[in-house]
Amino acid sequence: MPMSQRSSAPAVRVATRSSPLALWQAERVIEMLREQGDGVEAELVLVSTTGDQKSETPIWEMGGTGVFVKEVSDAVLRGDVDFAVHSAKDLPSSTPDGLTLGAFPERADARDAIVGSTLDGIPTGGRVGTGSVRRRAQLAALRSDLTFTALRGNVATRVDKAHELDAVVVAYAALQRRHLEKKAAEVLDPGTMLPQVGQGALAVECRSDDVKTRELLAVIDDPYVRAAVTAERAFLRELGGGCNFPCAALGLADPEGHVGLEAMLASLDGRVIVRATGQGTDPDALGVSVARNLLDDLGGQSILEDMR
């Protein structure tokens, strides 16, 4: 799928999944590069991932984080493409050797949204569609009467499922990017539903030794988004998990170089939830510190041991 403006410039090759949201994200990154006035030409290279191929299998049964990423990242490593555009929430907490995250260009609203009903409006014993153990645990803690149904598919497909269930939960950023934000009956405050690590943020991955591409991507890197997501990813890495157990984190960076981080770890049934917050100027150290607080001081280690 070519996206060319000038035939005189060599086109960069951009790997992406083929879902409507993934294509929007890749096109948005290309648009941001063009806004810098460099006349960037780009060709999209569509890659099918394990998560795409096993569209009926719950994400956590496939191993959680990375099922929408590995094949795309492999295309970058092989040199088939110059860079790849990901949803930051899909990334594993550690970047593979030979690759680097060249830009975190922007972050939309990181919160979760309910489609079909407000949280309080879901009837007793209501059925909620979600493919996330993180969402299930937090919703179960708020409404122990609710039942849950696995939910897969693109954003529009999941939104349509609200007609068959009492509600579905999706990332609000996904609704915004697909112009479906009016479908949200309620956008959940992070104090109610803490988002997934990296939710709402875009991440652009390239080869570590590709100086030209790294320089190209540096112009669209948002340092505040990078600092916040780096803290969240450091938290996840220290925890040693991903989509296969209920954890969450949300960072916020300010112009003075300070980063705040709130994080959560829960049992699968939501009966036990522990939260911790922290602040610092080193995003990696902050993420590790908050994770250790949860694990060592607030009982998080026993939660992990029970799940494992």
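You'll find the structure just up there.
Predicted, not measured: the structure shown is a model, and the values here were computed from it. (Residues numbered from 1 in each chain as written. Predicted model: local features only at pLDDT ≥ 70, side-chain atom pairs only at ≥ 80, totals over all residues. Heavy atoms only, no water.)

**Q** I keep staring at the packing of helix H9 (residues 283-297) against helix H10 (residues 300-307) and nothing clicks. Help me out?
**A** Two measures define how a pair of helices packs: the angle their axes make with one another and the distance between the axes. Interhelical geometry of H9 versus H10 gives an angle of 75° and a closest axis separation of 4 Å. The angle between H9 and H10 places the two elements in the roughly perpendicular class. Between H9 and H10, the contacting residues are Arg292, Leu294 and Leu295 on the first element and Gly300, Gln301 and Leu304 on the second. (Axes fitted to C-alpha atoms, helices over the stretch in contact; angles between N-to-C directions. Helix = DSSP H or I, 4+ residues; strand = E, 2+ residues; numbered from the N terminus. Parallel < 35°, antiparallel > 145°, perpendicular 65-115°, else oblique. Contact = heavy atoms within 4.5 Å.)

**Q** Please clarify how the pairing of strand S6 (residues 112-115) should be interpreted in this entry.
**A** Consecutive side chains along a regular strand alternate between the two faces of the sheet. Burial along S6 is two-sided: the residues Asp112 and Ile114 and Ala113 and Val115 are all buried. Here S6 pairs with strand S10 (residues 184-187) via 3 bridges, running antiparallel. Along S10, the bridge assignment pairs Ala113 with Val187. (Buried < 20%, exposed > 50% of the residue type's maximum accessible area, 1.4 Å probe, protein only. Pairing = 2+ DSSP bridges.)

**Q** Could you clarify how one ought to interpret the pattern of salt bridges in this entry?
**A** Taken as a whole and assessed by the stated rule, the structure comprises 20 salt bridges. Measuring nitrogen to oxygen at the nearest pair gives 3.1 Å for the salt bridge that ties Arg28 to Glu31. Here Arg28 pairs with Glu31, and both are found in helix H1 (residues 20-35), just 3 residues apart, close to one helical turn. Taking the relative accessible area as the measure of exposure, Glu31 reaches 39% and is therefore partly exposed. The salt bridge partner of Asp90 is Lys89, with a shortest N-O separation of 3.3 Å. When its relative accessible area of 26% is taken as the criterion, Lys89 is described as partly exposed. Linked through salt bridges whose partners overlap, the residues forming this network are Arg28, Glu31, Glu35 and Glu106. (Salt bridge = Lys/Arg side-chain N within 4 Å of Asp/Glu carboxyl O.)

**Q** Quick question: what am I supposed to make of H9 here?
**A** A turn of α-helix holds 3.6 residues, and therefore any two residues three or four places apart point the same way. If you check H9, its first and last C-alpha atoms are 20 Å apart, about what 15 residues at 1.5 Å a residue would give, namely 21 Å. Along H9, the positions that sit buried rather than exposed are Pro283, Leu286, Gly287, Val290, Ala291, Leu294 and Leu295. Taken around the axis of H9, the buried residues stretch over an arc of 160°, which confines them to a single face. Against the buried residues of H9 lie helix H8 (223-239), strand S13 (259-266), strand S14 (273-280) and H10. The opening residue of H9 is Asp282, an N-cap whose side-chain oxygen sits 3.1 Å from the backbone nitrogen of Asp284. Once H9 ends, the next one or two residues include Gly299, with phi positive near 90°. (Expected span 1.5 Å × (residues − 1). Arc of directions from axis to C-beta. Polar contact = N/O pair within 3.5 Å; in protein donor to acceptor, adjacent residues only side chain to side chain.)

**Q** When you look at the sheet that holds S13 in this model, what are you seeing that I'm missing?
**A** The strands that make up a sheet pair up through hydrogen bonds in the backbone, lying either parallel or antiparallel. One open sheet holds the 3 strands; their spatial order is S12-S13-S14, and the pairing between them is antiparallel. One side of each edge strand has no neighbouring strand; the edge strands of this open sheet are strand S12 (247-253) and S14. Taking each pair of neighbouring strands and ignoring which way they run, the sheet shows an average axis angle of 10°. Across 7 bridges, the pairing between S12 and S13 is antiparallel. Across the sheet, the residue bridging to Cys247 is Leu265, located in S13. Taken strand by strand, helix H4 (residues 133-142) contacts S12, S13 and S14, and its axis lies near 115° from that of S14.

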